[in-house]
Amino acid sequence: MASQDQVNVLNKIYGEYIDFKSSESTVSNYTKLAEEYEKDFAGLGYDTPEVLAKTAVESLSAHTEDTLVYDVACGTGLVADGLIKAGYKGKMDGVDGSAGMLELAKNKNIYRNLAEAFINPETRLDIADSTYDGIVCCGGFGPSHLEPVVLRELVRITKAGGMLVFATRYNEHSTPYVARLNKMIAELEEENIWTMKKSYKANYFDVDFCNQEKPLLATIYCYQKV
């Protein structure tokens, strides 16, 4: 059963952070609430960034100081924090649409480069093909965030043999989105663009907004570019 504090934060996330009708408004909201973000999400048991980061480090078993990872929808840098905690030795670049979140990430001094950009379906990043050894994204693939087709752009900038580790959450709100995401994942497999190395369920929040009697779950995907 959710505590009243958790219910209050859930209502804030689904009322003040996320605008299901507009990705642009959602990004703006994250900037307005950036200073409160880590406290709000931590209060709901949000350890998915750390779990995802550990999977990424394990998949990049030969990582060195020259290994380069791109953190998509990096926010305040929670995945980057997790990468370092898991023993990652390489460099990190990050991108996020929220200037406020990026300012907090910058203050951590753990990224090589940070860029402010929202990756739309038609976006081509100013990044050369096959640049990164790994891509990580936690929290970006969900309603009013990144469209599933963005995966194609992320694969483009990943080196052959590189890893893409990302997550999505699923409940009543996100069911149509997750169906589209899984369709895109399957298309990339069918086109022999990547192969699945791991996929597993994990806790996202301790409480599901749609059913406060149970946790909100996530799927963490780990794919390797062919």
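Here is what the cut-offs are and how they apply
Residues numbered from 1 in each chain as written. Predicted model: local features only at pLDDT ≥ 70, side-chain atom pairs only at ≥ 80, totals over all residues. Heavy atoms only, no water. Core = buried A, V, L, I, M, F, W, Y, C linked by side-chain atoms within 4.5 Å. Buried < 20%, exposed > 50% of the residue type's maximum accessible area, 1.4 Å probe, protein only. Helix = DSSP H or I, 4+ residues; strand = E, 2+ residues; numbered from the N terminus. Contact = heavy atoms within 4.5 Å. Expected span 1.5 Å × (residues − 1). Arc of directions from axis to C-beta. Pairing = 2+ DSSP bridges. Axes fitted to C-alpha atoms, helices over the stretch in contact; angles between N-to-C directions. 1 Å grid on protein atoms, 1.4 Å probe; cavity = no way out; pocket = protein on both sides within 12 Å on 5 of 7 lines; lining within 4 Å. Points joined across faces, edges and corners; volume = space filled by probe spheres on them. Nonpolar A, V, L, I, M, F, W, Y, C, P; charged D, E, K, R; others polar.

*Asks:* Describe in detail the nonpolar core, supporting the description with residues and values.
*Replies:* In this structure, I13, L83 and F205 are the most contacted members of the largest nonpolar core, which totals 46 residues. Listed by contribution, the elements that provide at least two residues to this core are α1 (4–17), α3 (34–42), α4 (48–59), α5 (78–85), α6 (99–106), β5 (158–170), β6 (194–205) and β7 (216–225). Here this core takes six residues from α1, the largest share from any one element. The contacts of L83, once residues within four sequence positions are left out, are A53, A56, V57, V69, Y88 and M92. Judged by nonpolar contacts, the second largest core, of 27 residues, contains V95, F141, V155 and I185.

*Asks:* Could you give an account of helix α8 (residues 175–190), naming the residues involved and the relevant values?
*Replies:* An α-helical segment advances 3.6 residues per turn. Residues three or four places apart therefore align on the same side. Counted at 1.5 Å a residue, the expected span for α8 with its 16 residues is 22 Å, and the 22 Å between its end C-alpha atoms agrees. Those residues of α8 lying buried are Y177, V178, L181, M184, I185 and L188. Projected onto a plane normal to the axis of α8, the buried residues spread over an arc of 120° and lie on a single side. Opposite its buried face, α8 presents the exposed residues P176, K183 and E190, each directed more than 90 degrees away. On its buried face, α8 sits against α7 (150–156), β5, β6 and β7. Within two residues after α8, N192 carries a phi angle of roughly 55°, on the positive side.

*Asks:* Give me the lowdown on the pairing of strand β4 (residues 132–137), citing residues and values where you can.
*Replies:* For a regular strand, side chains alternate in direction, first toward one face of the sheet and then toward the other. Counting buried positions over the six residues of β4 gives six, a clear majority of the element. In this structure, strand β1 (residues 68–72) lies alongside β4, joined through four bridges in parallel fashion. Looking at the pairing, V72 lines up with C137 of β4. With five bridges joining them, β4 and β5 adopt parallel strand pairing. Within β5, the residue paired with G134 across the bridge is M163.

*Asks:* So what about the sheet that holds strand β2 (residues 91–96)? Which residues, and what values?
*Replies:* Taken together, seven strands build an open sheet; the order of strands is β3-β2-β1-β4-β5-β7-β6 and the sheet is mixed. With partners counted over all chains shown, the strands left at the sheet margins are β3 (113–116) and β6, one partner each. Along the sheet, successive strands turn relative to each other by an average axial angle of 15°, direction set aside. Relative to the sheet, α6 contacts β2 and β3, its axis offset from that of β3 by approximately 170°. Contacting β5, β6 and β7, α8 crosses the sheet at an angle of about 160° to β5.

*Asks:* Let's hear about empty space enclosed by the protein: which residues, and what values?
*Replies:* Following the criterion strictly, the structure yields two cavities of 30 Å³ or more and no others. Space inside the largest cavity adds up to approximately 400 Å³. Y30, A73, D96, G139 and H145 are, among the 35 residues lining the largest cavity, the residues nearest its centre. Grouping the amino acids of the lining of the largest cavity by side-chain chemistry returns 23 nonpolar, ten polar and two charged. Estimated volume of the second largest cavity: approximately 40 Å³. Looking at the second largest cavity, the residues that line it are Y14, I18, F20, P143, R169, N171, H173 and S174. Within the lining of the second largest cavity, the residues separate by chemical class into four nonpolar, three polar and one charged.

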